[in-house]
Amino acid sequence: VNLTQPSIGINLRQVISKREAVVVERVRESKGWGSFKREGVETAIMLPIQSHEELLGVVLLGRRKRQKLRAEEISLLEALASHAALAIQKASLHEQTQRNLERIRALHEINAAITSTLDLRTRVNVLLEKIELFIPIAAASTVSLYNRETGRLESFACRGIDERKWLQAATPLSRAARIAETRAPVVVRDIQKDAGYNATALDERDLVSYLGVPLLANDEVLGVLGVYTAQEHDFGNE
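Just so you know, these numbers come straight off a predicted model, no measurement behind them. (Residues numbered from 1 in each chain as written. Predicted model: local features only at pLDDT ≥ 70, side-chain atom pairs only at ≥ 80, totals over all residues. Heavy atoms only, no water.)

Describing the sheet that holds strand β8 (residues 220–229)
Going by this rule: At least two DSSP bridges between two strands are needed for those strands to be called paired. Secondary structure follows DSSP: runs of H or I at least 4 residues long count as helices, runs of E at least 2 residues long count as strands, and numbering of each begins at the N terminus. Here an axis means a line fitted to C-alpha atoms, over the contact stretch when the element is a helix, while the angle between two N-to-C directions is reported on a 0 to 180 degree scale. Any pair of residues with heavy atoms lying within 4.5 Å of one another is described as a contacting pair.
Spatial ordering of the open sheet is given by β5-β4-β8-β7-β6, a layout of five strands whose pairing is antiparallel. Either end of the sheet is taken by a strand with one partner, and the two such strands are β5 (152–159) and β6 (186–188). Across this sheet, the average inter-strand angle for adjacent strands is 20°, counted without regard to direction. Here β6 pairs with strand β7 (residues 210–217) via three bridges, running antiparallel. Within β7, the position partnered with Val187 by the bridge is Leu211. Strands in contact with helix α4 (residues 120–134) are β4 (138–147), β5 and β8; relative to β5, the strand with the most contacts, it is inclined by about 60°. Against the sheet, helix α6 (residues 174–182) makes contact with β4, β5, β6, β7 and β8, and its axis sits at roughly 45° relative to β7, the strand it touches most.

Written out as structure tokens, the structure is:
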């Protein structure tokens, strides 16, 4: 069912705002509802799937026979929607637990790589590889490090893009420098519209959104880690 259909959209907004069931007794005479009409639905009901005042989704049910839904039927459907909410929450908690386990394993592998070699590039490459476990949507990642002799940030390692082109691009690190200076993450929803964007090394992958975070150790800024996505993405606090 297309939830953007006019009548569905109106009823959906009502369900979301009031968090209560909405019954449509004459689907055929209502605007929209194309999929339900093609199935011969006469009566429909939309119910919120919610838990502890949190809206998790909406369930749509249709009846081909034009018959008014009784109060006890609506109560039963609301109870089923509540059970669905519990099932969704349990599934969500299971997925979150699995993600946390993967992150713990990734951190362990990063730590093992750090303790098994003194080679900085190997350590950084392991870090970039494991980022995909933390942020599956990541399409590319980069690390810029401070050169203590020059006092400037320099491109050091990357993943998901052509390293030779990236290193030769002489990309101005104004954004990374700002991150290092403020010691705060920077999120750019569309880097191609950003004033500091340099397409020379990145446009081959059509990278869009960017998250940059400072690399800190003992209150010292060592560099900047950058993560790119191939589609527009809102990076959350997590």
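Re the sheet that holds strand β3 (residues 54–63)
Taken in spatial order, the three strands make up an open sheet running β1-β2-β3, and their pairing is antiparallel. Whereas interior strands pair on both sides, the edge strands pair on one side only; in this sheet they are β1 (22–24) and β3. Strand-to-strand, the axes of this sheet are offset by a mean angle of 15°, without reference to chain direction. With three bridges connecting them, β1 and strand β2 (residues 43–51) associate as antiparallel partners. What sits directly across from Val23, in β2, is Ile45. Contacts between helix α1 (residues 6–18) and the sheet are confined to β1, β2 and β3, with β2 contributing the most and set at about 35° to the helix. Docked against the sheet, helix α3 (residues 71–116) engages β1, β2 and β3, running at close to 40° with respect to β2.

A look at the packing of aromatic side chains
For clarity, the threshold we go by: Two rings from Phe, Tyr or Trp (for Trp, the six-membered ring) form a pair when their centres sit within 6.5 Å of each other. Planes less than 30 degrees apart are called stacked, planes more than 60 degrees apart edge-to-face, and all others tilted. A 1.4 Å probe rolled over the protein chains alone gives each residue an accessible area, and that area as a share of the maximum for its type sets the label: buried under 20%, exposed over 50%, partly exposed in between. Whether a charge sits over a ring depends on NZ of Lys or CZ of Arg being within 6 Å of the ring centre and within 35 degrees of the ring normal.
What the rule picks out here adds up to two aromatic pairs. Ring geometry for Trp33 versus Phe36: centroids 5.4 Å apart, planes at 45°, classification tilted. Accessibility classification places Trp33 together with Phe36 in one group, the buried group. Relative to Tyr228, the ring of Tyr210 has its centre 5.0 Å away and its plane inclined at 50°; by these criteria the two rings are tilted. Of the two residues, Tyr210 sits in strand β7 while Tyr228 sits in strand β8, which places them 18 residues apart along the sequence. Each member of the pair, Tyr210 as well as Tyr228, is classed as buried. Just above the ring of Phe156 sits the side chain of Arg121; from NZ or CZ to the centre is 4.4 Å.

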